[in-house]
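Analysis of the macromolecular model
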Amino acid sequence: MALTAFAPAKVNLYLRVIGLSPDGYHLLDSLVGFADIGDRIAAVPATTLSLEISGPEAAGLADLRKDNLVLRAARLLAECTGTVQGAALYLEKNLPVAAGIGGGSSDAAAALRLLVALWRLSISEEALVRLGAMLGADLPACLYGRAAWIGGIGERVTPADLPEAGILLANPRKQLPTAAVFAARKSSFGEIGRFAPMPRNAIGLAQALMLRGNDLTGAAIELVPEIGSVLARLARLPGVLITRMSGSGATCFALFPNRGAAEEARLILATTEPMWWCAAGGLIAGKMLCS
């Protein structure tokens, strides 16, 4: 019997680079939300580990089928737990690759949770997070799977409760490696931007975010100027509350009072910018679980 899981897009509602760790990694402060827009992954028992990728964005992973982050996560979990079980994994790729919305990390996190259930492994939440962190800085947040304040290099995850809000994601069909954006960043370090209390609605959230941007935006626009065009186009959509770039780009988002307003804006954007990738939905209030 197959187990399935949803791998949601991770959105940095704001992102500040606040320093460097002793080993040279950038220290971050961010408020992360997850949208009900994402990939889907399934797992069934098998004698070996395998991965099949389909979906509208599968071509972006064509060169990584044998070393996809999902397979790396599965192999690491098997190695660390000593299991000799296998699994056939099926990834429906709906999110663009190298897009600043944690697609690969969210896929890997969903795969880890699926395999823990499929293989009936006894592993603590803390151990699973430590294992995930070995695969990338986004894995701890994606394993948590709901809104959170993020610190350190991504390993410090503190729960946050976001209000309901509609969200529209847009990408100009440009891949943008994270390392290149951090290398291009020239500005000074920022300050922690956390706020309390959390606003009760989308309008209040947008107002709180007005003074909190993404410290990587300038560097990302230098590398992919189309990001500036995406932000400008999103800002002109009816009902929009705020626009920002997510993560290291090139995906940008716009917040709306509700899901309906976000979907109406998506229809307009898809008509006026048919070559862009875009998707609308809402921010996830609870944690995504396997089924």
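1. Some words on the environment of Arg244
Within the secondary structure, Arg244 is located in strand E8 (residues 242-245). Using a relative accessible area of 16% as the deciding quantity, one classes Arg244 as buried. Along the chain, Arg244 and Ile153 lie 91 residues apart, while their C-alpha atoms are 21 Å from each other. Residue contacts for Arg244: discarding those within four places in its chain leaves Leu13, Leu209, Met210, Arg212, Gly213, Asn214, Leu231, Cys252 and Phe253.

2. Comments concerning the packing of helix H2 (residues 103-118) against helix H3 (residues 125-133)
With their axes 11 Å apart at the nearest point, H2 and H3 run at an angle of 135° to one another. By the angle class used here, H2 and H3 are oblique. With respect to the hand of their crossing, H2 and H3 are arranged in right-handed fashion. Across from Leu112, Arg113 and Val116 in H2, the residues of H3 making contact are Glu125, Leu128, Leu131 and Gly132.

3. Some remarks on the environment of Ser246
You can see Ser246 is positioned in the loop between E8 and strand E9 (252-256). When the C-alpha atoms of Ser246 and Ile101 are compared, they prove to be 6.4 Å apart, with 145 residues separating the residues in sequence. Once residues within four sequence positions are removed from consideration, Ser246 is found in contact with Lys10, Val11, Asn12, Gly100, Ile101, Asn214, Thr251, Cys252 and Phe253. Separated by 3.1 Å, the side chain of Ser246 and the backbone nitrogen of Asn12 make a polar contact. A polar side-chain atom of Ser246 sits 3.0 Å from the main-chain carbonyl oxygen of Gly100.

4. Thoughts on the layout of surface pockets
Taken as a whole, the largest pocket encloses approximately 1,200 Å³ of empty space. Forming the boundary of the largest pocket are 44 residues, of which Gly102, Ser105, Ala137, Asp138 and Thr178 lie nearest the centre. Of all the secondary structure elements, the ones that give two or more residues to the lining of the largest pocket are strand E1 (3-20), strand E2 (26-46), helix H1 (69-81), H2, helix H4 (139-144) and helix H5 (178-184). Looking at the lining of the largest pocket residue by residue, the class counts come to 24 nonpolar, 14 polar and six charged.

5. Here's the deal with the pattern of salt bridges
One pass over the structure, following the stated rule, counts twelve salt bridges. When the shortest N-O distance is used, the salt bridge between Arg194 and Asp29 registers 3.0 Å. Taken together, the residues span a long stretch of sequence, with Arg194 in the loop between H5 and helix H6 (202-209) and Asp29 in strand E2 at a distance of 165 residues. The shortest N-O distance in the salt bridge between Arg259 and Asp36 comes to 2.6 Å. Residue Arg259 is located in helix H9 (residues 259-272), and its partner Asp36 is located in strand E2; the two are separated by 223 residues in the primary sequence. Judged by relative accessible area, which is 45%, Arg259 ranks as partly exposed.

6. Structural notes on the nonpolar core
One finds Leu77, Leu112, Leu115 and Trp119 to be the most contacted residues of the largest nonpolar core, which totals 45 residues. Tallying contributions element by element places H2 first for this core, with nine residues. Setting aside residues up to four positions removed in sequence, Trp119 forms contacts with Leu49, Ala74, Leu77, Ala78, Thr83, Gln85, Gly86 and Ala87.

7. Points about the sheet that holds strand E10 (residues 277-282)
Spatially, four strands are ordered E8-E9-E7-E10 in an open sheet, and the strand pairing comes out antiparallel. The sheet is open, and its two edges are formed by E8 and E10, each paired on a single side. Strand-to-strand, the axes of this sheet are offset by a mean angle of 20°, without reference to chain direction. As defined by bridge partners, strand E7 (residues 166-171) adjoins E10 across six bridges and the pair is classed as antiparallel. For Asn171, the partnering residue across the bridge sits in E10 and is Trp277. Against the sheet, H9 makes contact with E7, E9 and E10, and its axis sits at roughly 170° relative to E10, the strand it touches most.

Procedures and definitions
Residues numbered from 1 in each chain as written. Predicted model: local features only at pLDDT ≥ 70, side-chain atom pairs only at ≥ 80, totals over all residues. Heavy atoms only, no water. Helix = DSSP H or I, 4+ residues; strand = E, 2+ residues; numbered from the N terminus. Buried < 20%, exposed > 50% of the residue type's maximum accessible area, 1.4 Å probe, protein only. Contact = heavy atoms within 4.5 Å. Axes fitted to C-alpha atoms, helices over the stretch in contact; angles between N-to-C directions. Parallel < 35°, antiparallel > 145°, perpendicular 65-115°, else oblique. Left-handed = near helix turned anticlockwise from the far one by under 90°. Polar contact = N/O pair within 3.5 Å; in protein donor to acceptor, adjacent residues only side chain to side chain. 1 Å grid on protein atoms, 1.4 Å probe; cavity = no way out; pocket = protein on both sides within 12 Å on 5 of 7 lines; lining within 4 Å. Points joined across faces, edges and corners; volume = space filled by probe spheres on them. Nonpolar A, V, L, I, M, F, W, Y, C, P; charged D, E, K, R; others polar. Salt bridge = Lys/Arg side-chain N within 4 Å of Asp/Glu carboxyl O. Core = buried A, V, L, I, M, F, W, Y, C linked by side-chain atoms within 4.5 Å. Pairing = 2+ DSSP bridges.

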